[in-house]
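Examination of the molecular architecture
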Amino acid sequence: RRSNMSDNREESTFHPLGEKPFRFACHKGVPCFTDCCADLSLILTPYDIVRLKGRLGISSDEFIDRYTEPKLDEAYRFPVIRLLMNEDDRRSCPFVTPDGCTVYEDRPGACRIYPLGRAAMNLGGADRPAREKFFLVRESHCRGFEEEREWTAAEWMSSEGLEDYNAMNDRWLRILTSTRSLGSNADAERKVAMFYMASYNLDRFRDFVLKSPFLDRFDVDAGTRERIASDDTALMLFAFDWLRFALFGEDTMKVRN
């Protein structure tokens, strides 16, 4: 499934959805099945990586090396990474087969939401829920819109398991899209490197927290230490708090006296 977070290889049309239902279904009986799982520029979020590397049973380093490539995007001052497509004629997704997605239960949030697009607002407030607007992404090749099944945006989001993805991704997007100063050029370069590690390479970030003087400098309770030692999702959320402190000076970490 193609995401609104990916670059379209053909002309698409975008229709504000509101409360109106839409018709759509994607299954093996649809003539275009898996056609949209190719030639993508699909940006991966930290939570996407947590789910995928956990599904594959590999380290952060191995996942980044095998399945991603960096992407420079003028819209962001921090680096993003995208899913690396296969080197075949279609530039197909590395996880797709003629029978469908091999990581379906842990597929990225961008794949889950298609054919919807989501605009989240109020991301600047770290403790405020985002306001949402949805639109329908229509691509000329897609035959799923000819199916009879009707959905509202809320029904689609629920059926695709997007509640956790949106909650996790919105917390990271507040950091990615922040316009707050990073300080001097030297500070900014160091902070960008920290953003990359804490966002994408959680195994290295775990070593940074647990195998450096970090815990001598910051007051982290025993329960949190235990969770981040073994739970990647807990570690990721801890990393988001750390980035807000390290990048922007927010009061999200307790410094020891």
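Throughout this description, residue numbers start from 1 for each chain and increase along the sequence as written. For a predicted model such as this one, the threshold for reporting local features is a pLDDT of at least 70, and the threshold for listing and counting side-chain atom pairs is 80 or more; totals across whole chains, interfaces and linings nevertheless cover every residue. Side-chain measures were taken over the full set of non-hydrogen atoms in the model, leaving aside hydrogen atoms and water.

This part takes up the packing of aromatic side chains. Pairing of aromatic side chains here covers Phe, Tyr and the six-membered ring of Trp, requires ring centres within 6.5 Å, and sorts the geometry by plane angle: under 30 degrees stacked, over 60 edge-to-face, intermediate tilted. Overall, the coordinates contain 24 aromatic pairs when judged by the stated rule. Where Trp151 meets Trp156, the ring centres are 5.0 Å apart and the plane angle is 85 degrees; that geometry is what we call edge-to-face. One exposure class covers both Trp151 and Trp156, and it is buried. Ring centres of Phe195 and Tyr200 lie 6.2 Å apart, and the angle between their planes is 90 degrees; this geometry places the pair in the edge-to-face category. Tyr200 sits in the buried class, given a relative accessible area of 0%. Of the aromatic side chains, those joined through ring pairs into one cluster are Phe205, Phe208, Phe214, Phe218, Phe238, Trp242 and Phe245. Classification of residues uses two cut-offs on accessible area relative to the type maximum, computed with a 1.4 Å probe and protein chains only: under 20% is buried, over 50% is exposed, and between them is partly exposed.

The next thing to look at is the sheet that holds strand 4 (residues 68-71). By way of backbone hydrogen bonds, the strands of a sheet pair with one another, either parallel or antiparallel. Being paired, for any two strands, means DSSP has found at least two bridges between them. By definition, any uninterrupted DSSP run of H or I lasting at least four residues is a helix, any uninterrupted run of E lasting at least two residues is a strand, and each is numbered from the N terminus. The sheet built from three strands is open, its strands ordered 3-5-4 with antiparallel pairing. Looking along the sheet, the strands with just one partner apiece sit at the ends: strand 3 (43-44) and strand 4.

For the rest of this paragraph, the subject is the pattern of salt bridges. We count a salt bridge whenever a side-chain nitrogen from Lys or Arg sits within 4 Å of a carboxyl oxygen from Asp or Glu. In total, this model carries 24 salt bridges according to the counting rule given. Between Asp207 and Lys211 there is a salt bridge; the shortest N-O distance is 3.5 Å. For Asp207, a relative accessible area of 36% translates into the label partly exposed. For Lys211, a relative accessible area of 68% corresponds to the exposed category.

So, about helix 10 (residues 232-248). If you check helix 10, its first and last C-alpha atoms are 24 Å apart, about what 17 residues at 1.5 Å a residue would give, namely 24 Å. Helix 10 sits mainly inside the fold: twelve of its 17 residues count as buried. When helix 10 is considered as a whole, its buried residues turn out to be Asp232, Ala234, Leu235, Met236, Phe238, Ala239, Phe240, Trp242, Leu243, Arg244, Leu247 and Phe248. Every residue pair with non-hydrogen atoms within 4.5 Å of one another is taken to be in contact. Packing partners of the buried residues in helix 10 comprise helix 1 (46-56), helix 5 (162-176), helix 6 (185-200), helix 7 (202-210), helix 8 (214-217) and helix 9 (222-230). Each polar contact in these results corresponds to two N or O atoms within 3.5 Å; when the atoms are within protein, one needs to be able to donate a hydrogen and the other to accept it, and residues that are neighboring in sequence are counted only if both atoms are side-chain atoms. The N-terminus of helix 10 is capped by Asp231, whose side-chain oxygen sits 2.9 Å from the backbone nitrogen of Thr233. Gly249 lies just past helix 10 and shows a positive phi near 75 degrees. Multiplying one less than the number of residues by 1.5 Å gives the expected span of a helix.

Here we come to the environment of Leu243. If you trace the backbone, Leu243 turns up in helix 10. Separated by 68 residues in the primary sequence, Leu243 and Ile175 have C-alpha atoms spaced 7.6 Å apart.

This part takes up the nonpolar core. Side-chain atoms within 4.5 Å link the members of a nonpolar core, which is a set of buried Ala, Val, Leu, Ile, Met, Phe, Trp, Tyr and Cys residues. Ranked by internal contacts, the top residues of the largest apolar core, which has 71 residues, are Leu116, Phe195, Phe205 and Phe214. Broken down by element, this core gets its largest block of residues, nine residues, from helix 10. The residues contacting Phe205, other than those within four sequence positions of it, are Met197, Ala198, Leu235, Phe238, Ala239 and Trp242.

What pLDDT conveys is the predictor's confidence in a given residue, as a value from 0 to 100. Counting all residues, the mean pLDDT for the protein chain is 91, and 92% of those residues have values of 70 or more. A low-confidence stretch, residues 1-10 stays under pLDDT 50, and its non-local contacts, those more than four residues away or across chains, total 49 contacts.

Let us now look at helix 5. With 15 residues, helix 5 extends 20 Å from end C-alpha to end C-alpha; this agrees with the ideal 21 Å at 1.5 Å per step. Within the span of helix 5, buried status applies to Leu162, Tyr165, Asn166, Met168, Asn169, Asp170, Trp172, Arg174, Ile175 and Leu176.

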